Amino acid sequence: MNIAGILATKGDKVVTIRAEQSIREALGLLAQHNIGALVVIDDGRRPIGVLSERDIVRTAARNEAVFGLLVSHLMTRDLILGTPGDDLGAVGSTMVTRRIRHLPIMDGGKLVGIVTIGDVVKAQRDHFQGEVDTLQTIVMEQGH
Amino acid sequence: MAAPGTTERPLRVAIVGAGPAGFYVAEHLLRRTDLVIDVDLLDRLPTPYGLVRAGVAPDHQKIKAVTATFDKTAAHPRFRFFGGVELGKHVDVEDLRAHYHQIAYTTGAQTDRRMGIPGEDLPGSHPATEFVAWYNGHPDYCDCQFDLSQERVAVVGVGNVAVDVARVLCRTAEELERTDIADYALEALRQSRVREVYLLGRRGAAQAAFTNPEVKELGELAGADVCVLPDEVALDALSREALEKSGDRAGFKKVEILESYARRPAAGKPRRLTLRFLVSPVALTDSGAGAVGGIRLVRNRLVASATGTIQAQATDRSEDLPVGLVFRSVGYRGVPLPGVPFDDKWGVVLNEKGRVLDPDSKQPRPGEYTAGWIKRGPSGVIGTNKPDALETVTAMLEDLAAGRLLEPADAEPAAVERLLRQRQPLVLGYADWLRLNALEVARGQARGRPRVKFTRVDEMLAALGNRSSG
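A brief report on the enclosed structure follows. Because the structure is a prediction, the values reported are computed rather than measured.

1. Topic: the sheet that holds strand S13 (residues 310-322) of chain B
Residues and elements named next belong to chain B.
- The strand order S11-S12-S13 describes an open sheet built from three strands, whose pairing is antiparallel. Each having just a single partner strand, strand S11 (279-286) and S13 make up the two edges of the open sheet. The sheet shows a mean angle of 20° between the axes of neighbouring strands, direction not considered.
- Relative to S13, strand S12 (residues 292-304) runs antiparallel, the two being bridged by ten bridges. Bridge pairing in S13 places Asn-300 opposite Ala-314.

If you want it as structure tokens, here you go:
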């Protein structure tokens, strides 16, 4: 199974922000869409970073003026990008080992979606549940 | 008026497509004891089960045992089946909106992906799904022709459909006689002159989609030796690292089995099945007679993507494989349903977690849902559709609780039945199917086969005495 299967049921909504926008605006977007991260894009809509709630919390713990800071100050620039054809298993293990919770997905140079660690866990769980269910059906049949 | 879901006012649901996803949606709905729900399941074919009947290979009868759970769902007093009713032909979405509170589309992925290479449309090149539908007796495909006088065949892909096609091509008539393969296909395959079958995978052995039981089965064919090139299955450093990182013991085992095939001497069986890896077709070549004469392959090497996915990358080395018949199995795609928003990018009904979205506002369209392959794309095994359908049903029940429903003008079960019978007089019910099933099984019993299928609609109607019952 690949990442396309996750994106297919997420609509094509990716909430983005620009590096020169404020953290206040970023928090507004995170709350409005009930999400954990924003993809930071440049003029050509290319992702240049990810801003997660964790990035903001980390700064807020020691800087009360966090609201006025710019997205560019806090975003993670060390970006890993996925593609729709990436294997679910590989993506899952990379997200776990690199401690990434949000993975922007690119297709043909265009940002087409974002996959969260929750999406990956759910897809893997459904995949395994499905296999168990099918195997049980076969085993039960063998018992007859 | 009280919300639907009560004895006085049941929630009326139409499900379009009677494959596993459709049955699982029905099962999750009918299992609710706190709600009274009527489920009408429609299919464009007279028979239910979707790909379990028309897709799962005839020599994999055990997998078809899942139909027993579908029959259990169908036995629910609030379940009705309308076979032979096609959306866009006999009814449209507006008809359904006029009679139901909720509609779920579960039509699957009905077409194959193209390879996008020159020569793909030459005679002798076919989608593997057509061959599968043909040997399984799908009424729309029973007149397909495949040139089985060819000795050399390539099957592009190493997913389970590709493996099924290769295996069926390699089966002996004696092996096939014990299955429920369509009678005409059994006869055609009995006359088959196929001797060499190639399964072509673009990535390495460790990345092949087939499962270990499937690989083992290929090594136990009565009439075909399995052949593997040692350098194509040897585990490379990237794949080893990926398998180790993900703790994929089954992946190691798969490579181990394939390596054992590479060492195995040929037993001199009449056919040979060769599993090739790290090759991609770049063109089908003309035999000179206007048909497929060969397939040009480029050799690939493996690279890891940013997320650690092992990908195939073409090298400058290529080879020509002479073959007279090609089956492509490089993926499937959903077909747009008339009047239902479609997401062309992923080839699915435009949806969010099973709620159909309006293409302009990207907001849910009240009362419309989707599940299965037409919702998420073609992935997983039959059972994967169960949790998938549950996600959709959860959304349906949330929307019921919130009052986000269609407002049918006439929700009477008898009204929609009248409409369907008027539009399609030959509509079949589940009782008809159970009679057909019994007849098929009885025909099979006489010949030591699980069943002998009816493959034409008029044949089915004739067997039922040209009349249908609820």
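2. A short note on the environment of Pro-341 of chain B
- Its place among the elements puts Pro-341 of chain B in the loop between strand S15 (332-333) and strand S16 (342-343).
- Taking the C-alpha atoms as reference points, Pro-341 of chain B and Val-356 of chain B, separated by 15 residues in sequence, lie 7.4 Å from one another.

3. Remarks on the interface of chain B and chain A
- Taken residue by residue, the interface counts 33 residues in chain B and 31 residues in chain A.
- For the side of chain B that touches chain A, the secondary structure elements donating two or more residues are helix H11 (237-246), strand S18 (351-352), helix H13 (373-376) and helix H14 (385-401) of chain B.
- Grouping the amino acids of the side of chain B that touches chain A by side-chain chemistry returns eleven nonpolar, twelve polar and ten charged.

4. Section: the sheet that holds strand S7 (residues 152-156) of chain B
Residues and elements named next belong to chain B.
- Spatially, the six strands line up as an open sheet ordered S6-S14-S7-S8-S10-S9, and their pairing is parallel. Either end of the sheet is taken by a strand with one partner, and the two such strands are strand S6 (125-127) and strand S9 (224-228). When the angles between neighbouring strand axes are averaged without regard to direction, this sheet yields 20°.
- The sheet contact formed by S7 and strand S14 (residues 325-328) spans four bridges and is parallel. Looking at the pairing, Val-156 lines up with Arg-328 of S14.
- Lying over the sheet, helix H5 (residues 128-135) contacts S6, S7 and S14, oriented at roughly 70° with respect to S6.

5. As for the packing of helix H1 (residues 20-30) of chain B against H14 of chain B
All names here are of chain B.
- Relative orientation of the contacting elements H1 and H14 amounts to 55°, with a least axis distance of 8 Å. Classified by the interaxial angle, the pair formed by H1 and H14 is oblique. Our pair here, H1 against H14, has a crossing hand that is right-handed. Contact with H1, carried on its side by Pro-20, Ala-21, Tyr-24, Val-25, His-28 and Leu-29, involves Asn-385, Lys-386, Asp-388, Ala-389, Leu-390, Thr-392 and Val-393 of H14 and no other residues of that element.

6. Digging into the pairing of strand S5 (residues 110-116) of chain A
Residues and elements named next belong to chain A.
- Of the strand pairs in this sheet, strand S4 (residues 102-107) and S5 are connected by six bridges, and their pairing is antiparallel. Note that in S5 the partner of His-102 across the bridge is Thr-116.
- Counting the residues between successive antiparallel strands, the hairpin from S4 to S5 contains two residues, one of them, Gly-108, with a positive phi of roughly 55°.

Definitions and limits used
- Residues numbered from 1 in each chain as written.
- Chains lettered and ligands numbered in written order.
- Predicted model: local features only at pLDDT ≥ 70, side-chain atom pairs only at ≥ 80, totals over all residues.
- Pairing = 2+ DSSP bridges.
- Helix = DSSP H or I, 4+ residues; strand = E, 2+ residues; numbered from the N terminus.
- Axes fitted to C-alpha atoms, helices over the stretch in contact; angles between N-to-C directions.
- Contact = placed C-beta atoms within 7 Å.
- Nonpolar A, V, L, I, M, F, W, Y, C, P; charged D, E, K, R; others polar.
- Parallel < 35°, antiparallel > 145°, perpendicular 65-115°, else oblique.
- Left-handed = near helix turned anticlockwise from the far one by under 90°.

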